[in-house]
Each structure stands twice: as structure tokens, then as C-alpha cells.
Amino acid sequence: MIESHTAVLDRDVTWTGEITTEPYEAGWATEALFFVRVLDSGGADAATVPVHVEISPDGLHWTRHDAVLSLGTAPGVYAAPVTHFGNWLRLSAAVPADVHPRVIVYLALKG
Amino acid sequence: MIPAGYEPLDRVVYADDFDRGAQGWTLLTGNYERSLDSLIAEQRDFRPPMLSSLTMWDTGTAGSLHGTYALKLATRPHPGSISVALKRTTFRRPCPIQVEAYFAVKPEATDLVLGDRDVRAFGIFLDLQDGRERVMPHLRYHNAEAGERRHRWLFKKDRPPVKTISGETRSHFHLGPDGWLDVPGGEQDLCYNELPTKQNWHYLNVGFDLRSMTYTHLHCNNRTFEVTDVSPMRMPAWPNLDQMLNVGFWVETDTAVRAFLYLDSVVVSAGTPS
């Protein structure tokens with residue numbers, strides 16, 4: 001049977017400015033899905049904010065993965081699938097000053 | 001299968017080697033109803049555990065004691081940040097129980113420095129309830145505070161203030177920094193080994209009797225501590241917690257560096273009631 005695991009990286013937090021989620025190790029998994037559940041988009045421009053998946057060889061130094069997701073202008077669930085990510089994963093975004101999305105972040109792993 | 005090195009009592013309740021996944025060990029969050037706004041502030045942001053291969057920037061993957069993966073608890077890089085993992089079961093009969101674990105504790109290797117005073121503390125707790133009482137044994141290894149080494153085992157017996165969330169839901173911050181008392185003779189230096197990227201595994205063994213709700217023993221590596229005067233938190237039974245047998249571990253950081261607690265494996269066993 002395939003292993004699977006979902007981690008809740010942030011619960012009911014409001015993103016402001018430069019954000020990164022906490023590093024999460026997932027070397028055992030072969031595929032990952034970041035889910036961002038938007039409770040409140042916090043501004044009309046939320047959909048213009050790219051949220052990048054980042055990867056790292058050591059949990060300390062990071063580079064962008066190809067995967068990216070955009071938040072919607074309405075509450076809902078937005079997702080980005082990720083493969084070939086090594087061991088560490090996180091999300092990164094630069095949120096404009098007039099946007100304050102309130103979110104729950106899940107990382108669903110399988111392998 | 002019981003990993004090598006363990007000395008369980010007569011009946012193994014569970015033997016969790018984290019090479020087989022999380023096996024019920026999960027993030028702790030405070031209690032809430034209707035809105036997360038009802039959470040106690042200190043319990044809003046406990047961090048989730050993860051399966052780690054102990055991979056370091058300078059030496060690559062070490063793996064765990066018995067394989068590749070350990071359960072890793074990681075704080076945020078904020079002083080006082082806590083990560084907790086626990087497993088929830090129930091007990092069948094009052095009897096002696098024992099919790100054994102192989103663990104390693106380290107700060108994140110953010111800087112090229114020793115870092116041995118970045119981790120403030122780590123600990124183990126039980127959360128138990130029989131028909132009369134809720135009993136919460138807590139043991140904390142106080143590693144450092146404000147840049148000073150402490151290196152001693154502590155316990156907590158005074159219950160923290162309770163927040164009533166509804167008629168049948170309450171919450172309290174039992175891992176807070178206040179109220180810790182010295183385990184008699186509880187000073188212990190644990191092997192740190194010179195770099196934050198080198199982990200040495202330690203053995204922990206905590207015994208507790210569910211009949212008397214008292215400690216029976218505390219061993220860590222080569223040390224055996226006197227527990228006659230070590231007491232758990234005790235309080236009248238809470239609603240809907242009967243026969244609860246929860247085991248938890250936590251780690252907290254003292255600096256702006258993440259603190260990590262790795263659990264290779266945990267074995268909980270029960271003795272035969274005499």
C-alpha cells in the first residue's frame with residue numbers, strides 16, 4: 001500500500017509581505033500537493049499574487065521549483081502539484097501591502 | 001517488531017519505528033469550538049511533526065538509529081516556539097506502564113557555531129484519566145536559558161489555569177515555562193558532539209503506575225533518577241476523557257534558531273498487575 005501523509009503547515013494565518021512557510025521534509029514521498037485554503041482573500045488583487053514552491057538540498061538554502069499557484073479572489077481551495085523535489089519543500093510569496101489573504105496551508109505527500 | 005535496544009515490560013502496547021510512517025503521532029493543537037479564535041494563544045501555532053532522514057548541509061544523510069527515518073519535531077525560529085507530537089490511545093486496566101524512546105536533539109545548523117545553547121528544552125508527557133482524576137506527568141530536560149547551560153531534568157506538578165471553552169470543552173497550556181521543579185539529583189550532561197550537524201542518539205525510559213498514578217522510574221542513558229518526590233499534575237476528571245492514555249514529546253527553542261527533536265522509535269509497554 002502506498003504511504004500518504006498530510007501536514008498542516010499553517011492554520012488560519014494572515015499572509016502579509018514576504019512570506020515563507022516553515023521547511024518540511026518529504027524525502028520519502030514521490031509526489032506532493034500544496035493546498036492553500038483561502039478563508040478570506042483579503043483584497044481584490046489576491047489572484048495576482050504568485051505563490052511559489054521552493055526546494056532545498058539542506059533546509060537552509062532555497063531555490064524555486066517550477067510549480068506555482070495563484071490565490072483566487074474568493075474563498076476556496078487552490079493547489080499546486082510537485083514532483084522531483086528532493087527532501088525539503090516550502091511555499092514563498094511576496095504579498096502586496098493592500099492584500100491580506102487568510103489561509104490554511106496543507107502539504108499532501110504520497111509515495 | 002520491537003527495535004533493538006529496548007527493554008519493554010510484559011505486554012507491548014505499541015512499538016513505533018518511524019521507518020514505518022507516523023503511526024498515529026500527530027500535531028497537538030489546543031481545544032476549540034466553532035472558531036479557532038477560541039484557542040489559547042500559546043497553543044495556536046504548535047508545529048507539525050515530519051519524517052526526517054537527518055540530512056545535513058555538510059555531511060548529507062545520516063538516517064535514523066534503526067533505519068532511514070525519524071519523527072522530527074521542529075520549532076519556528078522564534079524564542080519560545082514549541083513543537084509537540086503525541087499519540088492518543090486508551091488503557092485497558094490500571095497497571096504499571098513504561099515509555100521508552102531513542103531520541104536526538106539539536107538546533108538547526110543555521111550558523112557555523114556550536115549552538116549547544118539554542119535548544120531551551122525538550123520533554124515527555126503523559127495525559128491520563130481514570131474514573132476519578134486526570135493526571136498529567138510532565139518531565140522536561142532544561143538544556144539552556146538566556147545563553148546559560150542548565151542541563152537538568154525538571155517536573156511539573158501544579159496545574160496551569162484552565163480556560164473553559166464550553167460546558168464540555170476546556171483547555172490549558174500545560175507545557176508553559178512556569179512551574180517547573182528540579183528532579184532531585186536531576187543534573188545530566190547529554191552528549192552534544194561539537195557540531196549542530198552531528199546527532200548522537202539517547203535512550204529514555206519513563207515508568208508510571210496507573211494504579212497509584214505515581215512515577216516508578218526515570219532513566220536516561222547511564223543515569224537513574226530518584227522519583228519518589230516527583231509528582232504529576234493531578235486534577236478532577238474532565239468530561240469525555242475516561243481511560244485516556246496519551247504520550248507526547250515536545251521541544252522548544254530559546255533563540256532565533258529552530259530546535260529539532262528526533263525520535264527514532266517509541267515503545268510503550270505494560271506490566272502485569274500484581
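All residue numbers here refer to positions counted from 1 along the written sequence of the relevant chain. For this description, chains carry letters from A and ligands carry numbers from 1, given in the order in which they are written. This being a predicted model, a pLDDT of at least 70 is required before a residue's local features are given, and a value of 80 or more before pairs of side-chain atoms are given or counted; all residues contribute to the totals for chains, interfaces and linings. Neither water nor hydrogens contribute to the side-chain values; these are computed over all heavy atoms in the structure.

Draft legend 1. Main features of the pairing of strand E4 (residues 31-40) of chain A. Residue and element names in this part refer to chain A. Between any two strands, pairing holds if DSSP finds at least two bridges. Numbering of helices and strands runs from the N terminus; a helix is a DSSP stretch of H or I covering at least four residues, while a strand is a stretch of E covering at least two. Bridge count for E4 against strand E7 (residues 76-83) is eight bridges, and the pairing is antiparallel. Counterpart to Phe35 in the pairing with E7 is Ala79. Note: E4 against strand E9 (residues 102-110), nine bridges, orientation antiparallel. Bridge pairing links Val38 to Val103 in E9.

Draft legend 2. Just the nonpolar core, in detail. What is meant by a nonpolar core is a set of buried Ala, Val, Leu, Ile, Met, Phe, Trp, Tyr and Cys residues, joined one to another through side-chain atoms within 4.5 Å. Only protein chains enter the calculation, and the probe is 1.4 Å; a residue is then buried if its accessible area is under 20% of its type maximum, exposed if over 50%, and partly exposed in between. Counting 88 residues, the largest nonpolar core has A:Trp15, A:Phe34, A:Leu89 and B:Phe249 as its most contacted members. Among the nonpolar cores identified, the runner-up in size contains 11 residues, and B:Leu28, B:Ile82, B:Val84 and B:Leu86 belong to it.

Draft legend 3. Quick peek at empty space enclosed by the protein. The distinction between a cavity and a pocket rests on a 1 Å grid over the protein atoms alone: a 1.4 Å probe fits inside a cavity but cannot get out, while a pocket stays open yet meets protein on both sides within 12 Å along at least five of seven lines, and a residue with an atom within 4 Å of a point counts as lining. Grid points are joined across faces, edges and corners, and a volume is the space filled by probe spheres set on the points. Summed over the entire model, instances satisfying the criterion amount to three cavities of 30 Å³ or more. Approximately 130 Å³ is the volume attributed to the largest cavity. Lining the largest cavity are 18 residues; nearest its centre among them are A:Asp58, B:Thr55, B:Met56, B:Ala109 and B:Phe260. Those elements that provide at least two residues to the lining of the largest cavity are strand E4 (55-56), strand E8 (96-107) and strand E21 (259-270) of chain B. Gly falls in the polar group here, along with every residue not listed as nonpolar (Ala, Val, Leu, Ile, Met, Phe, Trp, Tyr, Cys, Pro) or charged (Asp, Glu, Lys, Arg). Broken down by class, the residue content of the lining of the largest cavity amounts to nine nonpolar, four polar and five charged.

Draft legend 4. Fine view of the state of the cysteines. All names here are of chain B. Working definition: a disulfide is two cysteine sulfur atoms within 2.5 Å of each other. Counting across every chain of the model gives zero disulfides over all chains. Summary of cysteine pairing: Cys220 is not part of a disulfide, and the nearest cysteine sulfur, belonging to Cys191, is at 12 Å. On the accessibility criterion, Cys220 (0% relative accessible area) is buried.

Draft legend 5. Examining the interface of chain B and chain A more closely. Contacts are residue-level and defined by heavy atoms, with any inter-residue pair within 4.5 Å sufficient. On the side of chain A, 19 residues touch chain B, which itself brings 29 residues to the contact. Carbon and sulfur atoms supply 47% of the area buried between chain B and chain A, which totals about 1,800 Å² over both sides. By convention in these notes, a salt bridge is any Lys or Arg side-chain nitrogen within 4 Å of a carboxyl oxygen on Asp or Glu. The interface formed by chain B and chain A contains four salt bridges. Of the charged contacts, one joins A:Glu25 and B:Lys72 as a salt bridge, the two residues approaching to 2.8 Å between their closest N and O atoms. The definition of a polar contact used here is a pair of N or O atoms within 3.5 Å, where within protein one atom must be able to donate a hydrogen and the other to accept one, and adjacent residues in sequence count solely through side-chain atom pairs. Where chain B touches chain A, the interface holds nine residue pairs in polar contact (both at pLDDT 80 or more). No other element matches strand E3 (residues 50-52) of chain B, which puts three residues into the side of chain B that touches chain A. Summed over both partners, the accessible surface that disappears when two parts come together, traced with a 1.4 Å probe, is what is meant by buried area.

Keep in mind that these numbers describe shape and distance, not what the molecule does.
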